[in-house]
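Tertiary structure, described
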Amino acid sequence: MERLTLPGTDLQVSSLCLGCWQFNDNTNTINWAGQTKETSKAIVDKCFEVGINFFDTAEGYAGSEEVLGYCLRGRRQDAVIATKYGFRVGIDTPAYSASDIDQTVTNALRRLETDYIDLLQIHYPSFIKDPQETVNEFNSQIARGRIRYYGFSNFGPKNIKTVLETGAKPVSNQMAYNLLWRSVEHEVLPLCSEKNMSILAYSPLQQGLLSGKFLKREDFPEGRRRGKLFSSTENSLARHGQDGAEAEVFEALKKVKKICDANDLDMATASLSWVLQQPSVPVAIVGASSPEQVVQNSKIMQLSPEIVKQLSDATEPVKQKIGRQLDQWTTPDRCE
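Okay, so let's go over this structure. (Residues numbered from 1 in each chain as written. Predicted model: local features only at pLDDT ≥ 70, side-chain atom pairs only at ≥ 80, totals over all residues. Heavy atoms only, no water.)

With respect to the overall build of the protein
A tally of helices and strands in the protein yields ten helices and ten strands. Compactness check: the protein gives a C-alpha radius of gyration of 19 Å against a globular reference of 20 Å for 336 residues, within 12% of the reference. Projected onto the principal axes, the alpha-carbon positions of the protein cover approximately 55 × 40 × 40 Å. Of all 336 residues assigned to the protein, the portion counted as buried reaches 58%. Taking the contacts inside the protein whose residues are at least 6 apart along the sequence as the reference set, 72% of them involve residues at least 24 apart. Element-wise, carbon and sulfur atoms account for 49% of the exposed surface of the protein, whose accessible area totals about 14000 Å². Placing the 38 positive and 42 negative side-chain charges of the protein at their respective mean positions leaves the two points 1 Å apart. (Helix = DSSP H or I, 4+ residues; strand = E, 2+ residues; numbered from the N terminus. Rg over C-alpha atoms; globule rule 2.2 N^0.38 Å. Buried < 20%, exposed > 50% of the residue type's maximum accessible area, 1.4 Å probe, protein only. Contact = heavy atoms within 4.5 Å. Areas by Shrake-Rupley, 256 points an atom, 1.4 Å probe, with all protein chains shown as cover. Lys, Arg positive; Asp, Glu negative; His and termini not counted. Charge placed at Lys NZ, Arg CZ, Asp CG, Glu CD.)

This is the structure we're talking about:
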């Protein structure tokens, strides 16, 4: 897999980034089954083998930073690490002061077994106590060599503009973006493009919905039906209180599959390739539960403009139904 320079940085990264949510050291979560450290290491080994060198984790992904640090022992210099801060266990207030940021970087460095973080991201806007204080602390961390660059995660236009008013120089904004969840196209993507910020697209396969394996609602695991694409009335895990867009989603999936079949395309490959051909989206973040999935995900390709348009047209009704909602999980939207 070819490397690219992440705009605004000197980081040489693969266009696919391994999302490490599932690096949970065999602990079950709502969305994913337990995964051993050995399986995680085998996945990282395969990433390097196929050319993936970019890894995304977070303070809030319980155990993930520690497991990734273990997996990268002896080859930290070959990896680009992005992590996020937020979701501290046992802390009442979500907002981070400068000292909180300093401490969370210290903790992350220890867990990742490294002395620097390539990209530090704010997991949600609510984790900012004071924008200017936050940016000043980021600059201090860069000056001390503890982080190289910083960016956002789940930031909508209101909060992007608020932080940029401080003179901030974020290089990226990590957002949910895929054929079925295209709300970033309304305002976020144009704004990030204007401000020279890359979109790091997470959930590019919409938790597997775009893999081609789930063409009926009942086939899709309940834990992955918590988001706003699905009705909250039939899922006790859902927190958004909305009707969803199930009819539009599964009609769109049928159309996407038909387009892929007609062009002899694997549906997951086409979905990943589609998002990487959108403007200002140099990187897609995708997880894997096995080394074999890493190999499959790495088979991205250049789609013709005609196929890109067909796929976009097929999912346009879902985009219209979802509208400008950026947060898939809760109401009110946390990604303003």
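Next comes the rest of the description.
Things to note about the packing of helix α2 (residues 64–71) against helix α3 (residues 98–112)
Contact pair α2 / α3: the axes reach a minimum separation of 7 Å and the direction vectors enclose 40°. If you check the angle between α2 and α3, you find them oblique. Residue-level inspection shows Glu65, Glu66, Leu68 and Gly69 of α2 in contact with α3, the latter providing Ala108, Arg111 and Leu112. Across the contact of α2 with α3, the residue classes tally to three nonpolar, one polar and three charged. (Axes fitted to C-alpha atoms, helices over the stretch in contact; angles between N-to-C directions. Parallel < 35°, antiparallel > 145°, perpendicular 65-115°, else oblique. Nonpolar A, V, L, I, M, F, W, Y, C, P; charged D, E, K, R; others polar.)

Remarks on helix α7 (residues 246–262)
Look at α7: 24 Å from first C-alpha to last across 17 residues, which is about the 24 Å you get at 1.5 Å a residue. Along α7, the residues that are buried comprise Glu246, Val249, Phe250, Ala252, Leu253, Val256, Ile259 and Cys260. Residues of α7 that are buried make contact with α8 (267–276) and α10 (305–322). Of the residues trailing α7, Asp264 is marked for its positive phi of about 55°. (Expected span 1.5 Å × (residues − 1).)

Any functional reading would require information beyond the geometric quantities listed.
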